[in-house]
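Examining the three-dimensional arrangement
Next come the chains, spelled out residue by residue.
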Amino acid sequence: MEPSLARVDYLQVGVTAQKTMRLLPASGKKATQKVVVGDQDGVVTCFGIKKGEAVPVFKTLPGQKISRLELGGALNTPQEKIFVAIGSEVRGFTKRGKQFLSFETNLTESIKAMHISGADLFLCASYIYNHYCDCKDQHYFLSGDKINDVLCLPVDKVSCITPVLACQDRVLRVLQGSNLLYEVELPGPPAVLALSNGNGGDSGEEIVYGTSDGKLGVTQITGTKAIPRWEIGNEKKRGGILCIDSFDILGDGVKELLVGRDDGMVEIYNFESADDPVLRHDYALSESISSIQGGCVGKDGYDEILAATYSGWLTGLTTEPVHREGGSGEELKLSQEMQNKISSLRSELEQLQLKVLQEREKYQQSSHSSTAVSSVPAFSVNDKFTLNKDDASYSLILEVQTAIDNVLVQSDVPLDLLDVDKNSAVVSFSSCDSEPNSNFLLATYRCQANTTRLELKVRSIEGQYGTLQAYVTPRIQPKTCQVLQYQIKPLSLHQRTHSIDQDRPMNTLMLKGQFSFAEIHSWVVFCLPEVPEKTPAGECITFYFQNTFLGTQLESTYRKGEGYFKSDNISTISILKDVLSKEATKRKINLNISYDVNEESVRHTLKLIHPKLEYQQLLAKKVHLIDALRELQVHEGNVDFLLPKYRSILEEADQLLEEYKRQPAHLERLYGMITDLFIDKFKFKGTNVKTKVPLLLEILDGCDQDGLIAFFDAA
């Protein structure tokens, strides 16, 4: 059954962080519930809805930004106590707004994640987990990578306290006391955790996870190991998952899974069977969904999905039917309640317009006075810069609390700007002088009115590293701009993975010298993405990576005084050798560098590249034929006389052009990688083969794999 949901915007608070809105338990069956939300102005707002209007219950004074909001209370009683995390402090409020708790934790950083179960409080900073019982410190754990969320299995169903940490390195860490019980490998970095069905399922052990690259799944956390239940990929290329809830919105007696994404999509999954979720309905809002809840908010007896967005809007998708009666001229007869609402909105709008005029006049007068002080209006930017595995590109997502006027993108390294379907902004490129200013990219995105979220895609070239800068200018007066910087790393297209294929032919780079564990770790952080900035615990660490563009792999193992890097791509080893020796020289550290080159690895890499090269060359040839074939079609009237392969090019012309447009410079990048591979192979032998590159490019145009391998062997 397709749910019929109508959108209702209730209220706007300040900018909200992830998981900062909850619904208080209802006083009776089908009665409306109060909404409590915390924003980045430090204000906790609790309100109910009466006759379609938001009626405040309480509102706290502004302060430090609220990073999490949870409900708690004694076990097996209604969870109606409100707990908020502010900096390193946890505050508790009753449902009437009376503060009963102010607990200053011993955390040196701000709280990033929080979970409450009875008297147990679970808190996480970036890398540190703490468990408190009745505000007394119980357990502590230092994670190997950043913690995004924390959850505890329900103690009324599972006999012991089992905390689960969602960590950035694509792992769930299951704890027992202060010790790691085991790790669960996931397909992406988990951004949010929730109990399956709201209670952990029949066993109490089932956890739903959502990843920052848009995947969704359920795993069962038993006492000894994890059992994966189901997993849904992100075929529709939607945003990362920020919030999850379970609620029976369809009224069929089975709770549906409600999912909120960072591209504004609200999704409803229902279950044909326990392990078979089906996307039943989706709804697009214009900004990221920071919190999602199912309940009864607007009117008694009508369930709805309530979403809190980044800019602070509380929006309901309600099952309450919108009554419309069409008259003879398709006129809508509005109810008295609706007419009253419209007139009150009109008068409120007039008051606001008057207030804006008064404030503008006041500002103009003060700005021209002799004692005028320039004030820059502050605004929040929610940004995300992540590598996509599917197309080896970086997504830069910029979200502002107010409408964006324009975004200027500048880079001191060569980057390809790729097309984004959802992007309605007009882009214009400026010519840049790469020599004196190291300017390789200068592009301006002019946004349409009311655009608060902009998504860009860029592809980097491995071996060329520097900084990408985004200058964000919103539509506010006086004009102000925020500059955001993103590091393009030497091996920027590599992504962390859980394991690699050890049977591939590998090249090895060995480093030895008087460097500390922290120093070599900082060099690896400089070279590769997705490595935690904090030096790992212990004496030795191993990380595995995969190149998202080619599928080649890298293993890095290092400790104090030595490092080993293995890859089936000799160019990866060459880049690491150059960058690591440069970093060591900066710190005046003497490095003893040795390497072991496997000749077979070059053939192996060429075989990985060749299918991509062949496909891109064929695509380019087809695209170049389209105009000529279309001209023939116009002159001849029909194309029956053409060979089937040319007819299929005409039939698929739009898709071919779209694909070619979406991947500019793809062929040039592949040519560049093969050229680098050729130069790097002989660089390790001490031979300079740059004079043979034109001959190599001729062979590449012929697209003959055997001829290419023979050229590499003979040169």
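Thresholds, definitions, all that
- Residues numbered from 1 in each chain as written.
- Predicted model: local features only at pLDDT ≥ 70, side-chain atom pairs only at ≥ 80, totals over all residues.
- Heavy atoms only, no water.
- Domains from an automatic or database assignment.
- Contact = heavy atoms within 4.5 Å.
- Buried area = accessible area lost by both parts, 1.4 Å probe.
- Salt bridge = Lys/Arg side-chain N within 4 Å of Asp/Glu carboxyl O.
- Polar contact = N/O pair within 3.5 Å; in protein donor to acceptor, adjacent residues only side chain to side chain.
- Buried < 20%, exposed > 50% of the residue type's maximum accessible area, 1.4 Å probe, protein only.
- Helix = DSSP H or I, 4+ residues; strand = E, 2+ residues; numbered from the N terminus.
- Pairing = 2+ DSSP bridges.
- Axes fitted to C-alpha atoms, helices over the stretch in contact; angles between N-to-C directions.
- Parallel < 35°, antiparallel > 145°, perpendicular 65-115°, else oblique.
- Left-handed = near helix turned anticlockwise from the far one by under 90°.
- pLDDT = per-residue confidence, 0-100.
- Phe/Tyr/Trp six-rings, centres within 6.5 Å; stacked < 30°, edge-to-face > 60°.
- Lys NZ or Arg CZ within 6 Å of the ring centre and 35° of its normal.
- Core = buried A, V, L, I, M, F, W, Y, C linked by side-chain atoms within 4.5 Å.
- Lys, Arg positive; Asp, Glu negative; His and termini not counted.
- Arc of directions from axis to C-beta.

Looking at an unreviewed UniProt entry, the protein carries the name BBS7 protein, with the source organism given as Setophaga kirtlandii.

Glancing now at the domain arrangement of the protein. When cut into domains, the protein gives domain 1 (12-232), domain 2 (381-488), domain 3 (494-597) and domain 4 (601-714). The C-alpha centroid of domain 3 is placed 29 Å from the C-alpha centroid of domain 2. At the interface, 9 residues of domain 2 touch 11 residues of domain 3. When the area that domain 2 buries against domain 3 is broken down by residue, the three leading residues are L387, E462 and Y465, summing to 57%. Joining domain 2 to domain 3, the criterion identifies 0 salt bridges. Seen at the junction of domain 2 and domain 3, the total is 4 residue pairs in polar contact (both at pLDDT 80 or more).

Here we take up the pairing of strand β34 (residues 441-446). Among the 6 residues of β34, 5 are classified as buried, and the element is accordingly described as predominantly covered. As defined by bridge partners, strand β33 (residues 426-429) adjoins β34 across 4 bridges and the pair is classed as antiparallel. Considered in β34, the bridge of S428 is made with T444.

Attention now goes to the sheet that holds strand β32 (residues 415-418). Pairing between the strands of a sheet is mediated by backbone hydrogen bonds and can be parallel or antiparallel. Pairing is antiparallel across the open sheet formed by 4 strands, whose spatial order is β29-β30-β35-β32. The open sheet is flanked by β29 (381-388) and β32, the only strands paired with a single partner. Taking each pair of neighbouring strands and ignoring which way they run, the sheet shows an average axis angle of 25 degrees. Relative to strand β35 (residues 453-460), strand β30 (residues 393-400) runs antiparallel, the two sharing 6 bridges. Following the sheet pairing, E399 is matched in β35 by R453.

On the basis of which strands lie adjacent, the open sheet formed by 4 strands has the order β1-β28-β27-β26 and antiparallel pairing. In this open sheet, the two strands that pair with only one neighbour each are β1 (6-12) and β26 (289-295). Averaged over all pairs of adjacent strands, the angle between strand axes in this sheet comes to 20 degrees, irrespective of strand direction. By the bridge criterion, 5 bridges tie strand β27 (residues 304-309) to strand β28 (residues 313-318) in an arrangement that is antiparallel. If you follow I305 over to β28, its bridge partner there is L317.

With that out of the way, let us pick up the packing of helix α5 (residues 599-636) against helix α10 (residues 705-714). Angle between the axes and distance between the axes are the two parameters that describe a pair of packed helices. Across the interface, α5 lies against α10 with an axial gap of 11 Å and an inter-helix angle of 150 degrees. As the angle between them shows, α5 and α10 are arranged roughly antiparallel. Relative to α10, α5 is oriented so that their crossing is right-handed. Residues V602, R603, L606, K607 and H610 of α5 form the contact with α10, whose participating residues are Q705, L708, I709, F712 and D713.

Chain-level pLDDT for the protein is 89 on average; 96% of the residues reach the 70-or-more range. Contacts of residues 324-332 to residues separated by more than four positions or lying in other chains number 5 contacts, the stretch itself having pLDDT below 50.

Before going further, it helps to examine the pattern of salt bridges. Under the criterion given, the structure shown has 36 salt bridges. Between K215 and D213 there is a salt bridge whose closest N-O contact spans 3.0 Å. Take D213: its relative accessible area is 28%, and that puts it in the partly exposed class. Between K299 and E320 there is a salt bridge, and its shortest N-O distance comes to 3.7 Å. Here the residue K299 occupies a position in the loop between β26 and β27, and E320 occupies one in the loop between β28 and α1 (336-367), the gap between them amounting to 21 residues. Residue class for K299 comes out partly exposed when judged on its relative accessible area of 42%.

Applying the stated criterion across every chain yields a total of 15 aromatic pairs. Between the aromatic rings of F385 and Y394, the centroid separation amounts to 4.8 Å while the plane-to-plane angle is 15 degrees, which identifies the pairing as stacked. You can call Y394 buried: its relative accessible area is 7%. Ring centres 5.6 Å apart and planes at 85 degrees place the aromatic pair Y465 and F526 in the edge-to-face group. Placement of the pair is Y465 in the loop between β35 and β36 (466-474) and F526 in helix α3 (residues 517-527), with a sequence separation of 61 residues. Given the relative accessible area of 30%, F526 is considered partly exposed. Put simply, the rings of F517, F543, F545 and Y558 pair up and form one aromatic cluster. The ring of F100 has K81 lying over it, and the distance from NZ or CZ to the ring centre is 6.0 Å.

Moving on, we come to the pairing of β32. The two faces of β32 match: L415 and L417 on one face and D416 and L418 on the other face are all buried. Note that β32 and β35 share 4 bridges and pair antiparallel. When the sheet's bridge partners are listed, L417 is paired in β35 with V458.

Counting residues in each nonpolar core, the largest one holds 80 residues, and the members touching the most others are L398, V407, L468, F565, I674 and F712. In this structure, I674 is in contact with L606, I609, L613, L696, L700, L708 and F712, ignoring residues within four places of it in sequence.

Looking at the element boundaries, E462 is found in the loop between β35 and β36. There is no salt bridge for the buried E462, and the closest opposite charge comes from R459, which lies 11 Å off by N-O distance. A distance of 2.9 Å separates the side chain of E462 from the backbone nitrogen of L493, its partner in a polar contact. Within polar-contact distance, the side chain of E462 engages the side chain of N547 at 3.3 Å.

Residues three or four positions apart in an α-helix share a direction because the helix packs 3.6 residues into each turn. Residues of helix α9 (residues 693-702) that are buried include every one of V693, L696 and L700, and no others. Down the axis, α9 shows its buried residues gathered within 55 degrees of arc, on one side only. Across α9 from its buried face, at more than 90 degrees, point the exposed residues E698 and G702. Looking at the buried side of α9, the elements it contacts are α5, α8 (666-683) and α10.

Note on placement: D263 falls in the loop between β23 (256-261) and β24 (265-273). In terms of polar contacts, D263 uses its side chain to reach the backbone amide nitrogen of G239, at 2.9 Å. There is a polar contact of 3.4 Å between the side chain of D263 and the backbone nitrogen of M265. The residues contacting D263, other than those within four sequence positions of it, are R238, G239, L285, K422 and R453.

As for its placement among the helices and strands, S567 is situated in strand β42 (residues 562-567). Using a relative accessible area of 0% as the deciding quantity, one classes S567 as buried. Along the sequence, S567 and Q64 sit 503 residues apart, while their C-alpha atoms lie 47 Å from each other. S567 has contacts with P505, M506, N507, Q553, L554, T572 and I573, leaving out every residue within four places of it along the chain.

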